[in-house]
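Structural overview
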Amino acid sequence: MTTPNEPLLSVQDLQKHFPVTKGLLKRQVGAVKAVDGISFDVFKGETLGVVGESGCGKSTMGRLVTRLLEPTGGKVVFEGQDITHMSQGRLRPLRRDMQMIFQDPFSSLNPRHTVGAIVGAPFRIQGIKTEHGTKKAVQDILELVGLNPEHYNRYPHEFSGGQRQRIGIARTLALKPKMIIADEPVSALDVSIQAQVVNLLEDLQNELDLTYVVIAHDLSVVRHISDRVAVMYLGKLVELADRKDLYESPMHPYTNALMSAVPIPDPARRNDRERIRLQGDVPSPLSPPPACRFHTRCWKAQAICKVEEPPLVELAPRHQVACHFPENVSKESTEAVSA
Ligand code: SF4
């Protein structure tokens, strides 16, 4: 159990290095550093958005936190318990509390199973008996996510993309989790359906007191749903702040470039903002640039950026950034970081 100020989830210096092997003997010749030492907390009832370009390690992070992948180093603490190396047997009851929603609602559902079997599977796997039977419990969940309970015996292909994602969400809710990690929950859906699913996630959060980590590359979706936002670049956390601060006053040049691409509905304000176009591709995580990993694409880079990694420090209340020359920062904070 957590006390009010204790995080529900605490990630400390988490790492995942995938070995790269060569030859018949599979000699290790390197490692892809997909996640390379990230730390953050998630508090009960909040939504943490995690953004970054494709390949930045955000999906790997989600799988590490839920122990679908084994970390190379660091620590994952859930409800005060260190689950980093917990055996699958001891992890099983905790799996009820931490569930994952996947990106592709079609491939994550078994096409040969009915909706009733898919949503009811967690009850069977965990050996849980419900008061009025599994069928009634599943039908209640289907109703909760906006699906017709009468469709219990239908198959996934009989549903639209948005309805299939609702089935995926229903499956995660079966065991009344405390936390849901949603990996690109709407990116495979039609734009017209995305808002409905985002609204459903918000309604469920209010109704069931859920805590979310939402991983997405769509900054408009993250802006809508998040309380705080973490920005990742090449396996590192470069900025973490309350949503409003991050979107209105980003401090890291990379975040600034990402935010400059977010559409502004107000035409007057739209003209005030200059679009920052990042040069070049994201470098390979197999051999990331030394020190600040963003220095090969950063227009503010100086000599120190190539030799000294900037630590993630708090430059304003609840606003952490990893940069030697942050933007939108008060004079006092700049003096504090250079001290
Ligand atoms: Fe740019 Fe240097 Fe800041 Fe890295 S540390 S983001 S290279 S200014």
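Heads up: these notes are all about the structure in this document. For clarity, every value in this text was computed on a predicted model and none was experimentally measured.

This part takes up the environment of Arg297. Summarising the element assignment, Arg297 is placed in the loop between helix 10 (267-272) and strand 11 (313-316). Judged by relative accessible area, Arg297 falls into the buried class, the value being 8%. The sequence separation of Arg297 and Gln12 amounts to 285 residues, and the corresponding C-alpha distance is 27 Å. Setting aside anything within four residues of it in sequence, one finds Arg297 in contact with Glu53, Tyr233, Leu278, Gln279, Gly280, Asp281, Val282 and Pro283.

Turning to the nonpolar core, a few remarks are in order. Ranked by size, the top nonpolar core spans 34 residues in total, and within it Val119, Val145, Ile167, Ile169, Leu173 and Leu204 carry the most contacts. Within the residue set of this core, elements represented by two or more residues are helix 3 (115-126), helix 4 (134-144), helix 5 (161-173), strand 7 (179-183), helix 6 (191-208), strand 8 (211-215) and helix 7 (219-225). At five residues, helix 6 tops the list of elements feeding residues into this core. Judged by nonpolar contacts, the second largest core, of 30 residues, contains Phe78, Leu91, Ile215 and Leu240.

What the rule picks out here adds up to four aromatic pairs. Seen in terms of ring centroids, Phe294 and Trp299 are 6.5 Å apart; in terms of plane orientation they differ by 85°. Their pairing is edge-to-face. Chaining the aromatic ring pairs together yields one cluster made of Tyr233, Tyr254, Phe294 and Trp299. Stacked on the ring of Tyr152, the Lys or Arg Lys135 has its end atom at 5.1 Å from the ring centre.

Looking now at the sheet that holds strand 8. If you trace the eight strands from one edge of the open sheet to the other, you get 6-7-8-3-9-10-12-11, paired in mixed fashion. In this open sheet, the two strands that pair with only one neighbour each are strand 6 (98-101) and strand 11. On average, adjacent strands in this sheet sit at an angle of 20° to one another, irrespective of strand direction. Here strand 10 (residues 236-242) runs beside strand 12 (residues 319-321); their pairing, made up of three bridges, is antiparallel. Within strand 12, the residue paired with Glu239 across the bridge is Val321. Lying on the sheet, helix 6 is in contact with strand 3 (47-51), strand 6 and strand 8; it crosses strand 8 at an angle near 160°. Across the sheet, helix 9 (residues 253-260) is in contact with strand 9 (228-233) and strand 10; its angle to strand 9 comes to roughly 110°.

Our next topic: the environment of Pro122. Examined against the element boundaries, Pro122 turns out to sit in helix 3. Looking at Pro122, the relative accessible area reads 11%, which means it is buried. Separated by 51 residues in sequence, Pro122 and Leu173 have C-alpha atoms that sit 9.4 Å apart.

If you check the shell around the ligand, you find 13 residues, and the closest are Cys292, Cys298, Cys305, Cys323 and His324. Among the cavities detected, the one that contains the ligand is the largest cavity. Here the shell around the ligand is built from residues that sort into nine nonpolar, three polar and one charged.

A word on the pattern of salt bridges. Here the structure, examined in full by the defined rule, presents 13 salt bridges. Across the pair Lys178 and Asp97 runs a salt bridge whose closest N-O atoms are separated by 3.9 Å. Residue Lys178 is found in the loop between helix 5 and strand 7, and its partner Asp97 is found in the loop between helix 2 (88-95) and strand 6; the two are separated by 81 residues along the sequence. For Asp97, a relative accessible area of 14% translates into the label buried. Overlapping salt bridges, with partners in common, bring together Glu79, Asp97 and Lys178 in one network.

For the structure shown, the criterion picks out two cavities of 30 Å³ or more. The volume enclosed by the largest cavity comes to roughly 80 Å³. His252, Pro253, Cys292, Phe294, His295, Cys298, Lys300, Ala301, Cys305, Cys323, His324 and Phe325 together form the lining of the largest cavity. Its residues placed into classes, the lining of the largest cavity shows eight nonpolar, three polar and one charged. The computed volume of the second largest cavity comes to approximately 50 Å³. Lining the second largest cavity are Thr66, Ile83, Leu91, Leu94, Arg95 and Met98. At three residues, the largest contribution of residues to the lining of the second largest cavity is made by helix 2. When the residues that make up the lining of the second largest cavity are grouped by side-chain class, the tally is four nonpolar, one polar and one charged.

How each quantity is defined
- Residues numbered from 1 in each chain as written.
- Predicted model: local features only at pLDDT ≥ 70, side-chain atom pairs only at ≥ 80, totals over all residues.
- Heavy atoms only, no water.
- Helix = DSSP H or I, 4+ residues; strand = E, 2+ residues; numbered from the N terminus.
- Buried < 20%, exposed > 50% of the residue type's maximum accessible area, 1.4 Å probe, protein only.
- Contact = heavy atoms within 4.5 Å.
- Core = buried A, V, L, I, M, F, W, Y, C linked by side-chain atoms within 4.5 Å.
- Phe/Tyr/Trp six-rings, centres within 6.5 Å; stacked < 30°, edge-to-face > 60°.
- Lys NZ or Arg CZ within 6 Å of the ring centre and 35° of its normal.
- Pairing = 2+ DSSP bridges.
- Axes fitted to C-alpha atoms, helices over the stretch in contact; angles between N-to-C directions.
- Near = heavy atom within 4 Å.
- 1 Å grid on protein atoms, 1.4 Å probe; cavity = no way out; pocket = protein on both sides within 12 Å on 5 of 7 lines; lining within 4 Å.
- Sits in = over half its atoms within 2 Å of the grid points.
- Nonpolar A, V, L, I, M, F, W, Y, C, P; charged D, E, K, R; others polar.
- Salt bridge = Lys/Arg side-chain N within 4 Å of Asp/Glu carboxyl O.
- Points joined across faces, edges and corners; volume = space filled by probe spheres on them.

No statement about biological role is implied by the geometric values presented.
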